[in-house]
Amino acid sequence: MDEHKLPDPEWDAYVAWREREIAAGRDEKPPEPWEIECPAVSLSLGDATDIDPAMLAAICGPEGLGGDGLGPQFGQDAAADVLRPNPVLAALTEQVCTDLSRLTDNQLIGALHAARRLENRAHYQQTRIIAEFARRRLEEFETAKARGVRVRCRAGEFPGVELASELLISGLEAGRWIDSATALTTRLPRTLRGMAAGLIDAERGAIIAAYTGSLSADDAAKADEILAAAAPEVRAETLARRAAALEMKLDPEAAKTRKEKTKRVAQRVQVQLERSGNASVAGRELDIADALASKANIHTIALRLRRGGLAGSLDHLRTSVFNDLLQSRNPFDRIAPIPEAPAADDVPDEENGPAGDHAPTDDPTSEAEQAPADDSAPPDIPIPESPSDGWDSPDDPAADEFEGADGDTAIDIWPRSGENPGPDEDFGDDDESAAPSGTDGAARAPTPAIINLLVHAGTLFGWDTTPSQAGGWGLLNPAETRDLVGAASMHPQTRWCMTVIGPDGTAIAHGCSPGRHPWSPAPPDPKESPPQSLRDGPYAGKAEQFFDFVRALNLTVEPIAKGTCDHRHAEDHYTPSRKLQHLVRARSGTCTAPGCQAQAVHADLDHTTPYPEGSTDECNLGPKCRTHHRAKQTPGWKVEQPEPGVFRWTLPSGRGHTTRPGTY
């Protein structure tokens, strides 16, 4: 007998009992499927101290976790529906989601609320982590400042840039997260507790932080108490309005200062890509009076165009007017000379319905009074639109859906839910057959290619449908590509370049053409038959057009260093030549920092190893936006280029990230 193996009477007795049971054919029943398939859940006594006894019975009873007994606990006001966010709620929610078909609608919504409370708790944890991160960087910065280190050479100077690189978000968004987290953890304890309890989400917490940032500590505490109590019960935009009103009530001068400061530092014209693939142009942080005057002027002109016979909904007409005014075109060139003011009974109303819908009368005075006020107003007076016409009406579903969809929203514009209109939402499209602006036949003015238009040759000449890229503004379909390239080529500032793309989608060669080369799409040749498949190659005529055009460009294509560098393009001066700049920017279309999408065409060309220790060459140059260029030079940041186009970034946290050449 092994001296280290002690006898275990209880185990021996159990084994003997099991053998007797098996011999008698009384084996235990097989386990239920849910006992095998569902993950195990372990609850400690500490976790379970605030759990309702009924829910504990449901967890531990014969129908326990995964059984029908757990679902009712997520009904309205039941134990799981009011349980604070903690590991127990996380386990129960995970378990009840294994088979959602077993839940009633009431229980399903309860599970949804539980998941949201857990999400809000996670945002609370993120808030504390970001605040601690910001505190450490601020401490480093203040220490460097006290030592007299000059600006842009201080440790901790770019916390937002570092956070953006880690989370793959914009620097502006990272800065807002840091500001919000700092305010919530230092000035807004009630809002922070609401987030910890799962009652206040990150969006509402950011709203409260933004509108209390200009207040004194005492006023911020008052606002925190009021807004934290209201936040769980109202929509985010309602909370924002209440917060703005409270800010003005507590300290009107502080509210005015915040508004003026934001306008001073953030006023801009912004062009951005919509998620649909279209684009938007907006004037941000304008004076309210200017914005309303511009809106009224656009609306007035759109109504006059409608009276002049131009077809289309008011939304489409206003968009056409907007584009015409911005591109120095006369909107009234779209129609014949404007007729005299129509008789009252011929004036269409705001919804494009005839005025004759009113009850007939023989009294001309009464008939004039019944005519719509908008269309009977003098043509040069701004005409307010009807609240039902779908143009930024406060209660219009379209405004709720699209207002604030911009990722760089200011503190007074907050994201709405959803992106696409529902079937019951009225956008004022009283003429559904009208074509949207941009396809109405208006002549395209010559446009300088101030962004890179990345155009597939087959798309340009009509034998392929590969989408093109307009810089960072999105994809273009073939018709848009040919239209835009034709307009750009007519402008004297536009120049043509060609990049050869390898099988992996990266650039392998690049060359630019000297001088102007105006171009317009050739009309289709009715005598030419298309190939059976696009993969068969271009039509013979299209191929000849392409090669004739390339020969006319007089291009000299140079290889782009990849893997290794033979230094054929090395230069012995600091500023790279135009040719070398193009080669490097063709290789990396955006800033080489992790997650940064700044276009290389507007970025600095940075020497990875500073000149003159490092050469001016493809293997030592890379595009960096101005922010990352500055950050790279501060303590804690390090950038290496082990091979051409491959950049290894080490951030102040010590974490490393590698970026590679862009793919087309």
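A quick note: this is a predicted structure, and the numbers were derived from the prediction, not measured. (Residues numbered from 1 in each chain as written. Predicted model: local features only at pLDDT ≥ 70, side-chain atom pairs only at ≥ 80, totals over all residues. Heavy atoms only, no water.)

## Considering the overall build of the chain
Stage number 1. Check the secondary structure of the chain and you find 22 helices and 13 strands.
Stage number 2. Taking all 664 residues of the chain together, 38% fall into the buried category.
Stage number 3. Looking at the chain alone, contacts between residues at least 24 apart form 60% of all its contacts between residues at least 6 apart. (Helix = DSSP H or I, 4+ residues; strand = E, 2+ residues; numbered from the N terminus. Buried < 20%, exposed > 50% of the residue type's maximum accessible area, 1.4 Å probe, protein only. Contact = heavy atoms within 4.5 Å.)

## Some remarks on the pattern of salt bridges
Stage number 1. Using the criterion set out here, one finds 25 salt bridges in the structure.
Stage number 2. Sharing partners across several salt bridges, the network here consists of Glu132, Arg135, Arg136 and Glu139. (Salt bridge = Lys/Arg side-chain N within 4 Å of Asp/Glu carboxyl O.)

## Looking at the state of the cysteines
Stage number 1. Under the criterion given, the structure shown has 1 disulfide.
Stage number 2. Covalently, cysteine 497 is tied to cysteine 512 through a disulfide, its sulfur atoms 2.1 Å apart. Torsion about the S-S bond of the cysteine 497 and cysteine 512 cystine: about 100°, corresponding to right-handed handedness. Of this pair, cysteine 497 sits in strand S6 (residues 497–501) while cysteine 512 sits in strand S7 (residues 507–512), and the two are 15 residues apart along the sequence.
Stage number 3. By relative accessible area, cysteine 497 is classed as partly exposed at 35%.
Stage number 4. In this model cysteine 565 remains outside any disulfide bridge; the closest cysteine sulfur is found in cysteine 619, 3.7 Å from its own.
Stage number 5. A residue is classified by how much of its surface remains accessible, and cysteine 565, at 17% relative accessible area, is buried. (Disulfide = S-S within 2.5 Å.)

## Quick look at the packing of aromatic side chains
Stage number 1. Scanning the entire structure with this criterion turns up 7 aromatic pairs.
Stage number 2. Seen from their ring centres, phenylalanine 461 and phenylalanine 549 are 5.8 Å apart, and the 55° between their planes marks the pair as tilted. Placement of phenylalanine 461 in helix H18 (residues 457–461) and of phenylalanine 549 in helix H20 (residues 540–553) is noted, with a sequence separation of 88 residues between them.
Stage number 3. Using a relative accessible area of 6% as the deciding quantity, one classes phenylalanine 461 as buried.
Stage number 4. Between tryptophan 496 and phenylalanine 549, the ring centres sit 4.8 Å apart and the planes meet at 70°, which makes this aromatic pair edge-to-face. Placement of the pair is tryptophan 496 in the loop between helix H19 (478–489) and S6 and phenylalanine 549 in helix H20, with a sequence separation of 53 residues.
Stage number 5. Classification of tryptophan 496 as buried rests on a relative accessible area of 13%.
Stage number 6. Note on phenylalanine 549: relative accessible area 12%, which makes it buried.
Stage number 7. Every member of this aromatic cluster is reached through a ring pair, and the members are Phe461, Trp496, Trp519, Phe546, Phe547 and Phe549. (Phe/Tyr/Trp six-rings, centres within 6.5 Å; stacked < 30°, edge-to-face > 60°.)

## Observations concerning the packing of helix H9 (residues 202–212) against helix H11 (residues 236–250)
Stage number 1. Remark: H9 packs on H11, axes separated minimally by 9 Å, with the N-to-C direction vectors making an angle of 15°. By the angle between their axes, H9 is roughly parallel relative to H11. In terms of crossing hand, the pair formed by H9 and H11 is right-handed. Of the residues in H11, those touching H9 at Glu203, Arg204, Ile207, Ile208 and Tyr211 are Ala236, Leu239, Ala240, Ala243, Ala244 and Glu247.
Stage number 2. Of the residues belonging to the contact of H9 with H11, the class tally is 8 nonpolar, no polar and 3 charged. (Axes fitted to C-alpha atoms, helices over the stretch in contact; angles between N-to-C directions. Parallel < 35°, antiparallel > 145°, perpendicular 65-115°, else oblique. Left-handed = near helix turned anticlockwise from the far one by under 90°. Nonpolar A, V, L, I, M, F, W, Y, C, P; charged D, E, K, R; others polar.)

## A look at the sheet that holds strand S4 (residues 468–470)
Stage number 1. One open sheet holds the 3 strands; their spatial order is S3-S4-S5, and the pairing between them is antiparallel. One side of each edge strand has no neighbouring strand; the edge strands of this open sheet are strand S3 (453–454) and strand S5 (475–476).
Stage number 2. Bridge analysis of S3 against S4 gives 2 bridges, and the strand direction is antiparallel. Opposite leucine 454, over in S4, you have glutamine 469 as the bridge partner. (Pairing = 2+ DSSP bridges.)

## Notes on the sheet that holds strand S13 (residues 656–659)
Stage number 1. An order of S11-S12-S13 is seen for the 3 strands of this open sheet, with the pairing classed as antiparallel. With partners counted over all chains shown, the strands left at the sheet margins are strand S11 (638–643) and S13, one partner each. Here the strands of the sheet are splayed against their neighbours by 20° on average, with no regard to which way each runs.
Stage number 2. Strand direction decides the pairing type here: strand S12 (residues 646–650) and S13, joined by 4 bridges, are antiparallel. Looking at the pairing, tryptophan 649 lines up with histidine 657 of S13.

## Observations concerning unusual backbone geometry
The phi angle of most residues is negative, glycine excepted, and most peptide bonds adopt the trans form.
Stage number 1. Omega for the peptide link from tyrosine 611 to proline 612 comes to 10°, which places this bond in the cis form.
Stage number 2. Note on placement: proline 612 falls in the loop between strand S9 (604–607) and strand S10 (621–624).
Stage number 3. One non-glycine residue, aspartate 77, adopts positive backbone phi at about 65°.
Stage number 4. Along the chain, aspartate 77 falls in the loop between helix H3 (53–60) and helix H4 (87–96).
Stage number 5. For aspartate 77, a relative accessible area of 61% gives the class exposed.
Stage number 6. Of note in this structure, glutamate 285 is not a glycine but carries a positive phi near 60°.
Stage number 7. If you trace the backbone, glutamate 285 turns up in the loop between strand S2 (279–284) and helix H13 (288–307).

## Looking at the nonpolar core
Stage number 1. One finds Leu184, Leu188, Ile207, Ile208, Leu227 and Leu239 to be the most contacted residues of the largest nonpolar core, which totals 24 residues.
Stage number 2. For this core, the secondary-structure elements that each account for two or more residues are helix H7 (171–186), helix H8 (189–196), H9, helix H10 (217–230) and H11.
Stage number 3. Ranked by the residues each element gives to this core, the list is headed by H11, at 5 residues.
Stage number 4. Setting aside chain neighbours within four positions, we find leucine 239 in contact with Arg204, Ile207, Ile208, Leu227, Ala231 and Val234. (Core = buried A, V, L, I, M, F, W, Y, C linked by side-chain atoms within 4.5 Å.)

## Considerations on the side chain of serine 489
Stage number 1. Within the element layout of this structure, serine 489 appears in helix H19.
Stage number 2. Relative accessible area serves as the criterion here: at 3%, serine 489 is assigned to the buried category.
Stage number 3. For serine 489, the side chain forms a polar contact with the main-chain oxygen of tryptophan 519, separated by 2.9 Å.
Stage number 4. In this view, serine 489 contacts Thr494, Trp496, Arg516, His517, Pro518 and Trp519; residues no more than four positions away in its chain are not counted. (Polar contact = N/O pair within 3.5 Å; in protein donor to acceptor, adjacent residues only side chain to side chain.)

## A closer look at the packing of H10 against H11
Stage number 1. Contact pair H10 / H11: the axes reach a minimum separation of 11 Å and the direction vectors enclose 155°. In terms of orientation, H10 and H11 fall into the roughly antiparallel class. Note that H10 runs across H11; the crossing there is right-handed. From H10, Asp219, Lys222, Ala223, Ile226, Leu227 and Ala230 reach across to H11, where they touch Leu239, Arg242, Ala243, Leu246 and Leu250.
Stage number 2. Along the lines of polarity and charge, the residues of the contact of H10 with H11 split into 8 nonpolar, no polar and 3 charged.

## A word on H19
Stage number 1. Here H19 contains 12 residues, and its C-alpha end-to-end distance of 16 Å stays within 8% of the 16 Å for a straight helix at 1.5 Å per residue.
Stage number 2. Looking only at H19, the buried set comprises Pro478, Thr481, Val485, Gly486, Ala487, Ala488 and Ser489.
Stage number 3. Residues of H19 that are buried make contact with S3, H18, S4 and S5. (Expected span 1.5 Å × (residues − 1).)

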